Amino acid sequence: MLIKDHIPSEDGFYMPAEYVPHEGTLLVWPTRPGSWGINTDKAQDSFISIAKALSPHEKVFFLCDKAHLSDARNKLKGIAEVLEIPTDDAWARDIGPTFVTNGNEIRGINWRFNAWGGNVDGLYAEWDHDDAAAEAFCDAIGRDIYDFGDFVLEGGSIHTDGEGTLLVTESCLLSRGRNPSLTKHEIEKRLMEALSVKKILWLPHGIYNDETNEHVDNVCAFIRPAEVVLAWTDDINDPQYEMSEKDLKYLSRVTDAKGRKIRIHKLPIPDHPVLVTDEDLLNYEFEEGEDYRESGERLAASYVNFYFGNGTVLVPQFGGDNESSDRRALEILRELCPDRKVIGIDSLPVLKGGGNIHCITQQIPKP
């Protein structure tokens, strides 16, 4: 049921951290040719690998349109429940509901989705199915959902510690394609009402060339209260260096909602930029009005775009020249998360779609 004229914070609901126990995880079956190619096999293999890593420990759901439903159910048999709900693309983090809890009950929040910028700088021209997916999914699993459909937000643009602190980036939330009629203070107010957070930390930047206007989940993430990982490079000639340095300086001088200093761990980006190749371009098929890729374009590769499952951490792996970078990221996260199984996922096909593991997953917390 869609809940109108109610505020989650006033009802006693809050957004828990991703690293608390899950009831399940939501994904969307990848089929869009402009993101995953005409041949979607490699992308689908990555999605299946993620589902296989999660399914022993939590319920896994996929959304899928009618045309691809039989194929998806066949490939995900015994791994995930596939629901017939159409979408325009497969970014569950951004189009799915943000879940909140009062400790006993789980409810969703339905934000307005406009393809990361609408008519200003959105990435495709039609997004009605995506915008309707959050409510449809909550209906399918029997969860009520709050209506915030007048406020543009994607799940990848927020990250919480579950204790009153929210991470966002100025570059995304203050972009002209989101909520241009609202001031920064008004945006904060809506987020506090929806998520019951007490303090919002506004990082200046995300990852270089991130087409989402630099979502926070690609650059910085809580691993526990008052402790984050930050995407980093020591290469002063890399455009990411100045962006991450500004984020580091900001995080070093702020405190969280409970007045604690933030402990910061640097998580280096791949040593070698991941670029779109001529071979990649042969597989893409873009629609009119869709943002297209170019040969040599740098993709927004970051290991911070990992995902906490129940007892696991699923970490992007890019391969090729970045095999040593991949191993380094796994070693760092194993040291930081000793109580979890840290699993590398071949997610290069997901990156070529425009995001990574965190972007295609949305946690359903356990009440």
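Above this text is the structure in question.
Note that the structure is a prediction, hence the values are computed from the model and not measured.

Turning to unusual backbone geometry, a few remarks are in order. A positive phi angle is found at Ala115, which is not glycine, with a value near 60°. Residue classification places Ala115 among the buried residues on the basis of a relative accessible area of 0%. Positive phi outside glycine occurs at Asn213, with the angle close to 65°. With respect to the helices, strands and loops of the structure, Asn213 is situated in the loop between strand 10 (199-203) and strand 11 (220-224). What makes Asn213 buried here is its relative accessible area of 18%.

Moving on to the packing of aromatic side chains. Scanning the entire structure with this criterion turns up 16 aromatic pairs. Ring geometry for Phe13 and Tyr146: centres 6.1 Å apart, planes at 70°, overall edge-to-face. Highlighted residues: Phe13 in the loop between strand 1 (2-3) and strand 2 (22-28) and Tyr146 in strand 7 (residues 145-152), separated in sequence by 133 residues. We classify Tyr146 as buried; its relative accessible area is 0%. With a centroid separation of 5.8 Å and 85° between ring planes, the pair formed by Tyr19 and Phe308 is classed as edge-to-face. Of this pair, Tyr19 sits in the loop between strand 1 and strand 2 while Phe308 is found in strand 14 (residues 307-309), placing the two residues 289 residues apart along the sequence. The aromatic ring of Tyr124 is capped on one face by Arg32, whose charged end is 4.0 Å from the ring centroid.

The first and last C-alpha atoms of helix 6 (residues 128-141) sit 21 Å apart over 14 residues, in line with the 20 Å expected at 1.5 Å per residue. Looking only at helix 6, the buried set comprises Asp130, Ala133, Ala134, Phe137 and Cys138. Just downstream of helix 6 lies Gly142, where phi reads positive at about 75°.

Moving on, we get to the pairing of strand 6 (residues 106-112). Most of strand 6 is tucked away: 6 of the 7 residues are buried. As defined by bridge partners, strand 5 (residues 98-101) adjoins strand 6 across 4 bridges and the pair is classed as antiparallel. Residue pairing across strands places Val100 opposite Arg107, the latter belonging to strand 6. As consecutive antiparallel partners, strand 5 and strand 6 are separated by 4 residues, and within that stretch Gly103 has a phi angle of approximately 100°, a positive value. Sheet topology note: the strand 6/strand 7 ladder contains 5 bridges and is parallel. Paired with Trp111 across the strands is Phe148, a residue of strand 7.

Calculation criteria
- Residues numbered from 1 in each chain as written.
- Predicted model: local features only at pLDDT ≥ 70, side-chain atom pairs only at ≥ 80, totals over all residues.
- Heavy atoms only, no water.
- Buried < 20%, exposed > 50% of the residue type's maximum accessible area, 1.4 Å probe, protein only.
- Helix = DSSP H or I, 4+ residues; strand = E, 2+ residues; numbered from the N terminus.
- Phe/Tyr/Trp six-rings, centres within 6.5 Å; stacked < 30°, edge-to-face > 60°.
- Lys NZ or Arg CZ within 6 Å of the ring centre and 35° of its normal.
- Expected span 1.5 Å × (residues − 1).
- Pairing = 2+ DSSP bridges.

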